[in-house]
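Report on the structure
The primary structure of each chain is shown beneath.
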Amino acid sequence: EVDEVSSQTNDDKNVVAPIGNDSEAAPADEVTSTSVDPPLTEDEEGACLFVLQWQLSHNNPADVRFVATGRDKGGCFDPSDAAMNQLSALGLNVLPVSKARLPEPGEKENAHRYRGVEDPTTGKRSYVYSATIKEWVDENTVEISYEQYSGPLGSDGGTLIVSMQNGKWSIKERKDQWFE
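Numbering of residues starts from 1 in every chain and runs along the sequence as written. Local features are withheld for residues below a pLDDT of 70 in this predicted model, meaning they are given only at 70 or higher, and side-chain atom pairs are given and counted only at 80 or more; totals for whole chains, interfaces and linings count all residues. Water and hydrogen atoms were dropped before computing side-chain values, which therefore reflect all heavy atoms in the structure.

With that out of the way, let us pick up the nonpolar core. Of all hydrophobic cores here, the largest spans 26 residues; its most connected members are Val51, Val67, Ile144 and Val162. Strands are runs of DSSP state E lasting at least two residues, helices are runs of H or I lasting at least four, and both sets are numbered from the N terminus onward. Counting residues per element, this core draws most heavily on helix H1 (residues 42-56), which supplies eight residues. Here a residue-residue contact requires only that any non-hydrogen atoms of the pair lie within 4.5 Å. Beyond its immediate sequence surroundings of up to four residues, Ile144 is in contact with Ala47, Cys48, Val51, Ala131, Thr132, Ile133, Lys134, Gly158, Thr159, Leu160 and Val162. The criterion is simple. A nonpolar core is a set of buried Ala, Val, Leu, Ile, Met, Phe, Trp, Tyr and Cys residues joined through side-chain atoms within 4.5 Å. Think of it in three bands: residues with accessible area under 20% of the maximum for their type are buried, residues over 50% are exposed, and the middle band is partly exposed, with areas taken using a 1.4 Å probe on protein chains only.

Here it is as C-alpha cells:
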C-alpha cells in the first residue's frame, strides 16, 4: 500500500466529464470535454495522487492504465505532468485520460458487447482510474471518490477519507464501495 505522496501543482489540462456512478455525474457512456477552472490546488492533487497510487498498487505494471483527477461535479481531467512523472517513477505504466480511446454513447464492439476503454496505440482494453475531491473535512482531511472505469456497465469505486499527517497521506476511513 502507498504510504506517502508528494503534492504537485496542476497546469491547464484536458478535461472529461464525470465518468462514474455518481448520481449527479454524467452517465458513464457520455464523456465530453470541458475546461479546467480552477485547476486543483497542490493539496488537492497530492490527495488525489495518493488515492491513484493506492488504486494502482495491485496492477500489472506492464498494462497501460489511464488516470484522471478532479473535483465533484467539476469533471475529471489529466493530472499535471509532475504527477504523471511521480506515478511513472513508481514503475506504473500510466497515461493521462485524454490519451485513452473512450467509447461513444451506445457504441458496441459487436451485437452483444459494449465497446470499452482502449489503449489507442495497441487496441487493447484498458481502464481509467480516477480520484475526485468531494469535500474537505478539515485542513488536513479530505473525502475523495475513486473509480475504476472500463466502459458502460463496467466500473467500480467508492469513497475514502484520507488524511495528511506528518507530511504523509493515509487512508483514515473507507466509507463505501460500489460495483456496476
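Still more ground to cover, so stick around.
This part is about the pattern of salt bridges. For side chains bearing opposite charge, pairing can occur when the charged atoms are close. What makes a salt bridge here is a side-chain nitrogen of Lys or Arg within 4 Å of a carboxyl oxygen of Asp or Glu, nothing more. With the rule as written, the count across this model stands at nine salt bridges. Between Arg115 and Glu118 there is a salt bridge, with the nearest N and O atoms lying 2.8 Å from each other. Relative accessible area serves as the criterion here: at 23%, Arg115 is assigned to the partly exposed category. Glu143 is the salt-bridge partner of Lys175, the closest N and O atoms lying 3.5 Å from each other. Here Glu143 lies in strand S9 (residues 141-151) and Lys175 lies in strand S11 (residues 168-179), a separation of 32 residues in the sequence. Given a relative accessible area of 43%, Lys175 falls into the partly exposed group. Salt bridges sharing common partners tie together Arg101, Glu107, Arg115 and Glu118.

Here we take up helix H2 (residues 81-89). Three or four residues apart is the spacing at which side chains of an α-helix point the same way, because the helix has 3.6 residues per turn. Taken residue by residue, H2 has Ala83, Met84, Gln86 and Leu87 as its buried positions. For H2, the buried positions fall inside an angular range of 160° around the axis, keeping them on one side. Away from its buried face by more than 90 degrees, H2 exposes Asn85 and Ala89. The inward-facing, buried residues of H2 abut H1, strand S3 (65-71) and strand S5 (94-96). Count one or two residues on from H2 and you reach Gly91, which has phi positive near 85°. The arc in question is formed by the directions pointing from the helix axis toward the C-beta atoms.

Below, the discussion takes up the side chain of Ser150. The topology assignment puts Ser150 in strand S9. Owing to a relative accessible area of 17%, Ser150 belongs among the buried residues under this scheme.

Moving on to the side chain of Thr159. Tracing the backbone shows Thr159 in strand S10 (residues 154-165). The buried category is assigned to Thr159, whose relative accessible area is 5%. Once residues lying within four places of it in the same chain are set aside, the contact partners of Thr159 are Lys134, Glu143, Ile144, Ser145, Tyr146, Glu173, Arg174, Lys175 and Asp176.

Between 30 and 60 degrees the pair is tilted, below 30 it is stacked and above 60 it is edge-to-face, where a pair is any two Phe, Tyr or Trp rings, Trp via its six-membered ring, whose centres lie within 6.5 Å. Enumeration over the complete set of coordinates arrives at three aromatic pairs. On the basis of an interplanar angle of 85° and a centroid distance of 5.0 Å, the ring pair of Trp54 and Tyr146 is categorised as edge-to-face. In this pair, Trp54 sits in helix H1 while Tyr146 sits in strand S9, placing the two residues 92 residues apart along the sequence. Across this residue pair, the class does not change: Trp54 and Tyr146 are buried. A ring pair is formed by Trp136 and Trp169, whose centres lie 6.4 Å apart and whose planes are at 50°; its orientation type is tilted. On the criterion of sequence distance, the pair formed by Trp136 in strand S8 (residues 128-138) and Trp169 in strand S11 is long-range, its members being 33 residues apart. By definition, being over a ring means that NZ of Lys or CZ of Arg is both within 6 Å of the ring centre and within 35 degrees of the ring normal. A cation over an aromatic ring shows up here: Lys108 above the ring of Tyr114, its NZ or CZ 5.1 Å from the ring centre.

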